[in-house]
Amino acid sequence: WRPVFAPLEPQKGWISRLQNVTARVYSQGRQDSVLALIFDSIGVTNCFAVEFGFDSPTYEGGSGSNTLFLHRAGGFQTLLLDGEFSNASINLHAHFLYANNVAELFHRYGVPQEPDFVSCDMDSHDAFVLRAILKAGFRPRVITAEYNL
């Protein structure tokens, strides 16, 4: 991982700085900059990220990837899952995710027990899938989940 922001005092004050992060690189919102600040502050363990609800057959399409910045700037290995699209060149696989199959898919694709990042954006049963991931013993260090009002 190559830090994007200037180093902070030894992990002090980084949470309060999250509210000031406004830059967007690839993501739909400001997730790129928020994730860079978090990982600059807490470090990384295995540079592995999972994104499900990926809504495009390529990194460049869709509403904006939450893992592309980590992949390109931080060297993260990514697993991308979507109900419709697949593309082996970016490790994107077509699967509908449910609480009863997500752990098996994580095992099938070699997700470490403690991935650095998991991004969940399915616009439906996200909480149930995340609960199943945790119940299966996976412990992502950072999780994002989108919700719709």
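Note that the coordinates shown come from a computational prediction; the quantities given were computed from them, not determined experimentally.

Peer 1: Please explain the overall build of the protein chain as it appears in this structure.
Peer 2: Helix and strand content of the protein chain: 5 helices and 5 strands. Taken from N to C terminus, the helices and strands of the protein chain fall in the order α-α-β-α-β-β-α-β-α-β. In terms of overall size, the protein chain behaves like a compact globule, its C-alpha atoms giving a radius of gyration of 15 Å where 149 residues would be expected to give roughly 15 Å. Summarising its shape, the C-alpha atoms of the protein chain cover approximately 40 × 35 × 30 Å along the three principal directions. Here the protein chain holds 149 residues, and 42% of them are scored as buried. At a minimum sequence separation of 6, the contacts of the protein chain that also span at least 24 residues come to 68%. Just so you have it, the protein chain exposes about 7800 Å², and 53% of that area is on carbon and sulfur atoms. For the protein chain, the distance from the average site of its 11 positive side-chain charges to the average site of its 15 negative ones is 8 Å.

Peer 1: What is the right way to read the side chain of Glu51 from this model?
Peer 2: Inspection of the secondary structure assignment puts Glu51 in strand 1 (residues 48-52). Ignoring sequence-local partners within four residues, the contact set of Glu51 consists of Gly64, Ser65, Asn66, Thr67, Leu79, Leu80, Leu81 and Ser119.

Peer 1: Which parts of the structure should I look at to understand the sheet that holds strand 5 (residues 142-145)?
Peer 2: Where strands meet in a sheet, backbone hydrogen bonds hold them as pairs that are either parallel or antiparallel. The strand order across the open sheet formed by 5 strands is 3-2-1-4-5, and the pairing between neighbours is parallel. Among the strands making up the open sheet, the edge pair consists of strand 3 (92-94) and strand 5. Taking each pair of neighbouring strands and ignoring which way they run, the sheet shows an average axis angle of 15°. Lying on the sheet, helix 2 (residues 31-42) is in contact with strand 4 (117-120) and strand 5; it crosses strand 5 at an angle near 165°.

Peer 1: I'm lost on the pairing of strand 5 in this one. Help?
Peer 2: Side-chain positions along a regular strand alternate between the two faces of the sheet. Of the pairings in the sheet, the one linking strand 4 to strand 5 comprises 4 bridges and is parallel in character. Bridging from a neighbouring strand, Cys120 pairs with Ala145 of strand 5. Note on the crossover from strand 4 through helix 5 (residues 126-135) to strand 5: the handedness is right-handed.

Peer 1: Hey, could you run me through the packing of aromatic side chains in this one?
Peer 2: To describe a pair of aromatic rings, you give the distance between the ring centres and the angle between the ring planes. Within the structure shown, the criterion is met by 2 aromatic pairs. Considering the side-chain rings of Phe39 and Phe76, the 5.6 Å spacing of their centres and the 55° angle between planes classify their relative orientation as tilted. Here the residue Phe39 occupies a position in helix 2, and Phe76 occupies one in the loop between helix 3 (68-74) and strand 2 (77-82), the gap between them amounting to 37 residues. Look at Phe39 and you get buried, because its relative accessible area is 0%. Between Phe106 and Phe138 the ring centres are 5.1 Å apart and the planes differ by 75°, which places this aromatic pair in the edge-to-face class. One end of the pair, Phe106, is in helix 4 (residues 102-108); the other, Phe138, is in the loop between helix 5 and strand 5, with 32 residues separating them in the sequence.

Procedures and definitions
Residues numbered from 1 in each chain as written. Predicted model: local features only at pLDDT ≥ 70, side-chain atom pairs only at ≥ 80, totals over all residues. Heavy atoms only, no water. Helix = DSSP H or I, 4+ residues; strand = E, 2+ residues; numbered from the N terminus. Rg over C-alpha atoms; globule rule 2.2 N^0.38 Å. Buried < 20%, exposed > 50% of the residue type's maximum accessible area, 1.4 Å probe, protein only. Contact = heavy atoms within 4.5 Å. Areas by Shrake-Rupley, 256 points an atom, 1.4 Å probe, with all protein chains shown as cover. Lys, Arg positive; Asp, Glu negative; His and termini not counted. Charge placed at Lys NZ, Arg CZ, Asp CG, Glu CD. Pairing = 2+ DSSP bridges. Axes fitted to C-alpha atoms, helices over the stretch in contact; angles between N-to-C directions. Right-handed = clockwise from strand over helix to strand, strands pointing away. Phe/Tyr/Trp six-rings, centres within 6.5 Å; stacked < 30°, edge-to-face > 60°.

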